[in-house]
Amino acid sequence: MSRRALLGVLVVAALAGCSPQLLPDRSAEPAPTPSRPSEASAPTGPHLTAAGRWLDPIADDVGGTEACDGRSGREALATFDRAAAPELGVAAGDATLTCGNADGAGWRHIADGHTGDFGELGGLVGAGWEDVAWFAIDLALEQPTRVEPYRDDIANYDVLVEYVDGGSVERSWMVTVGVGIGSGQVITAFPDEQ
């Protein structure tokens, strides 16, 4: 990443109230934590909300798959806080989103298989698919609506994302984030309209 691009990311992160997370190649991405603590400050117009937070298309803007350009599939893109799931024997800790690959797991897999799904939500509020995906991944892992086993080695962290317009919920989706129980790696993420 060029110095100018890095400076631009840092300025956007500072304006958004985020602290940048330095990645192994010393590039920066906004930390995956929305800056608004509660729904009380949500906009009056159409917006997406989950776990008491709302998506701000400007402040929560993140890079798409270009964030993984030149990176191997196993390289970490971001680390998220992960809530405990005692019923599954999972302690609180970290979940790592790797660059991955299209036909396997990680950010490239999410982009390859679910850009359109997340893009539908983003289109409602003027946000990119990647902004909605990042927002939902962060909240599903940190403040899940529910956690369920998918297989013996994968837990699905779900969060309810709602589209609010005119002060009422018009549509909702359960966003599922699959995480390896032993590895703590994010495998996939996708919305399912309710």
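The residue count restarts for each chain, going from 1 along the sequence in the order it is written. With pLDDT at 70 or above as the cut-off, local features in this predicted model cover only qualifying residues; side-chain atom pairs require 80 or more to be listed or tallied, and sums for whole chains, interfaces and linings still use all residues. To get the side-chain values, all heavy atoms of the structure are used, and hydrogens and water are removed first.

Further remarks concern the environment of valine 159. Numbering of helices and strands runs from the N terminus; a helix is a DSSP stretch of H or I covering at least four residues, while a strand is a stretch of E covering at least two. Within the fold, valine 159 resides in strand E8 (residues 154–165). Valine 159 sits 108 residues away from alanine 51 along the chain, and the two C-alpha atoms are 7.2 Å apart. Whether two residues touch is decided by their heavy atoms; if any such pair falls within 4.5 Å, the residues are in contact. If near-sequence neighbours (up to four positions away) are discounted, valine 159 is found in contact with Ala50, Ala51, Ala136, Leu139, Ala140, Gln143, Thr145, Trp173, Met174 and Val175.

As used here, a disulfide is simply a covalent bond connecting the sulfur atoms of two cysteines. When two cysteine sulfur atoms are found within 2.5 Å, that pair is recorded as a disulfide. According to the stated counting rule, one finds one disulfide in the structure shown. Note that cysteine 68 is cross-linked by a disulfide to cysteine 99, the S-S spacing being 2.2 Å. Across the S-S bond linking cysteine 68 and cysteine 99, the dihedral sits near -90°, which makes this disulfide left-handed. Highlighted residues: cysteine 68 in the loop between strand E4 (53–54) and strand E5 (76–82) and cysteine 99 in the loop between strand E6 (93–98) and helix H2 (107–125), separated in sequence by 31 residues. Accessibility expressed as a relative area gives 0% for cysteine 68, which makes it buried. Overall, the relative accessible area of 0% leaves cysteine 99 in the buried class. Only protein chains enter the area calculation, which uses a 1.4 Å probe; residues under 20% of their type maximum are buried, those over 50% are exposed, and those in between are partly exposed.

Here we take up the packing of aromatic side chains. Here is the rule: rings of Phe, Tyr and Trp (six-membered ring for Trp) pair when centre to centre is within 6.5 Å. Planes less than 30 degrees apart are stacked, more than 60 are edge-to-face, and the remainder are tilted. The final tally for this structure, using the stated rule, is three aromatic pairs. With a centroid separation of 5.2 Å and an interplanar angle of 25°, the aromatic rings of tryptophan 107 and tryptophan 129 are classed as stacked. Of the two residues, tryptophan 107 is situated in helix H2 and tryptophan 129 in helix H3 (residues 129–142); the sequence distance between them amounts to 22 residues. Note on accessibility: tryptophan 107 and tryptophan 129 belong to one class, buried. Using a relative accessible area of 0% as the deciding quantity, one classes tryptophan 107 as buried.

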